[in-house]
Amino acid sequence: MPTPFKRLLMRELRGRVPEHLLPLLPSGLQVIGHVAILSLRPEVEGYAGLIAKVVLEKFPFIKTVCRKLGPMVGPTKEPQLEVVAGLKDTVTIHREGGCLFKLDVAKLMFAKGNVSERRRMASVVQEGEVVFDMFAGIGYFSIPMAKTRKPSLIYAVDVNPLAIHYLAENIRLNKVRGLVVPALADCRAVADRLPGFADRVVMGYIPGTAAFLPAALKALRHGGIIHYHDTYHERELWWKPIEVLRAHASRAGLRLAKVLYKGVVKSYGPRIYHIVVDALLKPS
């Protein structure tokens, strides 16, 4: 059954796109601020301009339409996009859950599929805690936590200078100066220099997050809570991530005292899922 968006495109483009290609039109689009991003099948890529024109006409709040060219690239996960219609400006302000996120969508990732997890994280952080956001980006988790709850301090770290630039902008826009501290650094170096400073560690990075667990555990103050994100095959749920956490904790002189939460954030590939485990660690 076609989605409402696909039905709209099929109706508007009938007669301008060959009939046999109409079922191949996109089922949806990603909207970040005033920018819409289309993922098109190769068969209809030549009609990107027509599709984008319909989007601009039917959704007045959208001012820029981009086409996705390929997967995110590099350690900073830079998008591959091109503007196909509307304004050329890809810098936008996205509103979500009472928070403002300013970013350049052509240069920085914004994972719309993580919206529920951002909302959840804003509810679990406790008053007075020191939080270590190891892969802060533009503040995906740090900003909601700071806006919703009353942690003592959030160290928001990232290795991408552009992400830190927009994180600083978002700290200003959301009026959380002094509560969120942005740092352009490798999170492992921060843990080495400030061991035992955090009550809660957010590991919002995939895949290969397990390699950073030693740093996360080093940062904890006499134990604490780690929000461990990674990707696992469905056959590995949930024994494998819990085993990984338990093994790393043991090497750090800690024990996995309790799994507070485990959940699927989104699908990552065929039978592979982006998952999160909230782990309470205590001294052995």
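It should be noted that the structure appears before, not after, this text.
Summarised in this report is the structure supplied together with it.

Rules and cut-offs
- Residues numbered from 1 in each chain as written.
- Predicted model: local features only at pLDDT ≥ 70, side-chain atom pairs only at ≥ 80, totals over all residues.
- Heavy atoms only, no water.
- Helix = DSSP H or I, 4+ residues; strand = E, 2+ residues; numbered from the N terminus.
- Rg over C-alpha atoms; globule rule 2.2 N^0.38 Å.
- Buried < 20%, exposed > 50% of the residue type's maximum accessible area, 1.4 Å probe, protein only.
- Contact = heavy atoms within 4.5 Å.
- Areas by Shrake-Rupley, 256 points an atom, 1.4 Å probe, with all protein chains shown as cover.
- Lys, Arg positive; Asp, Glu negative; His and termini not counted.
- Charge placed at Lys NZ, Arg CZ, Asp CG, Glu CD.
- Pairing = 2+ DSSP bridges.
- Axes fitted to C-alpha atoms, helices over the stretch in contact; angles between N-to-C directions.
- Salt bridge = Lys/Arg side-chain N within 4 Å of Asp/Glu carboxyl O.
- Core = buried A, V, L, I, M, F, W, Y, C linked by side-chain atoms within 4.5 Å.

Some remarks on the overall build of the protein chain
Helix and strand counts for the protein chain come out as eight helices and 13 strands. The C-alpha radius of gyration of the protein chain comes to 21 Å, within 12% of the 19 Å expected for a compact globule of 284 residues. Its C-alpha atoms put the protein chain at 70 × 45 × 30 Å along the principal axes. Within the protein chain, the proportion of its 284 residues that are buried is 48%. Relative to all contacts within the protein chain whose residues are 6 or more apart in sequence, the contacts with residues 24 or more apart total 61%. A total of about 13,400 Å² of accessible surface is found on the protein chain, and carbon and sulfur atoms cover 55% of it. Charged side chains in the protein chain number 41 positive and 24 negative. The centres of these two groups are separated by 4 Å.

Some thoughts on the environment of Val-17
As for its position among the elements, Val-17 is in the loop between α1 (4-13) and β1 (30-32). Owing to a relative accessible area of 3%, Val-17 belongs among the buried residues under this scheme.

Notes on the sheet that holds strand β2 (residues 35-38)
Taken in spatial order, the four strands line up as β1-β2-β3-β4 in an open sheet, and their pairing is mixed. Looking along the sheet, the strands with just one partner apiece sit at the ends: β1 and β4 (78-86). Across the sheet, the mean angle from the axis of one strand to that of its neighbour is 30 degrees, orientation sign disregarded. Relative to β2, β1 is paired through three bridges, and the arrangement is antiparallel. Residue pairing for β2: Val-31 is matched across the bridge by Ala-36.

Regarding the side chain of Lys-77
Tracing the backbone through its elements, the reader meets Lys-77 in the loop between β3 (64-73) and β4. There is no salt bridge for the buried Lys-77, and the closest opposite charge comes from Asp-230, which lies 8.6 Å off by N-O distance. Once you skip the residues sitting within four places of it in the chain, Lys-77 turns out to touch Met-72, Met-109, Tyr-205, Ile-206 and Pro-207.

A closer look at the sheet that holds strand β12 (residues 254-269)
The strands making up a sheet associate through hydrogen bonds between their backbones, and the pairing can be parallel or antiparallel. Taken in spatial order, the seven strands of this open sheet run β9-β8-β7-β10-β11-β13-β12, and their pairing is mixed. Edge strands, defined here as strands with exactly one partner in the open sheet, are β9 (180-184) and β12. Each adjacent strand pair in this sheet contributes to an overall mean axis angle of 15 degrees, direction not counted. Summarising the sheet, strand β11 (residues 220-233) and strand β13 (residues 272-283) pair through 10 bridges and their orientation is antiparallel. Residue pairing across strands places His-233 opposite Ile-272, the latter belonging to β13. Contacting β8 (153-158) and β9, helix α5 (residues 161-173) crosses the sheet at an angle of about 165 degrees to β9. In the packing of helix α8 (residues 239-251) onto the sheet, the strands contacted are β11, β12 and β13, and the crossing angle to β12 comes to about 140 degrees.

Quick word on the nonpolar core
Leu-103, Phe-110, Ile-138, Met-145, Val-176 and Val-180 are the most contacted members of the largest nonpolar core, which has 33 residues in total. Where this core is concerned, the elements lending two or more residues are β2, β6 (99-104), α3 (115-124), α4 (142-148), β8 and α5. At five residues, the largest contribution of residues to this core is made by α5. With 32 residues, the next largest nonpolar core counts Val-201, Ile-226, Leu-245 and Ala-249 among its residues.

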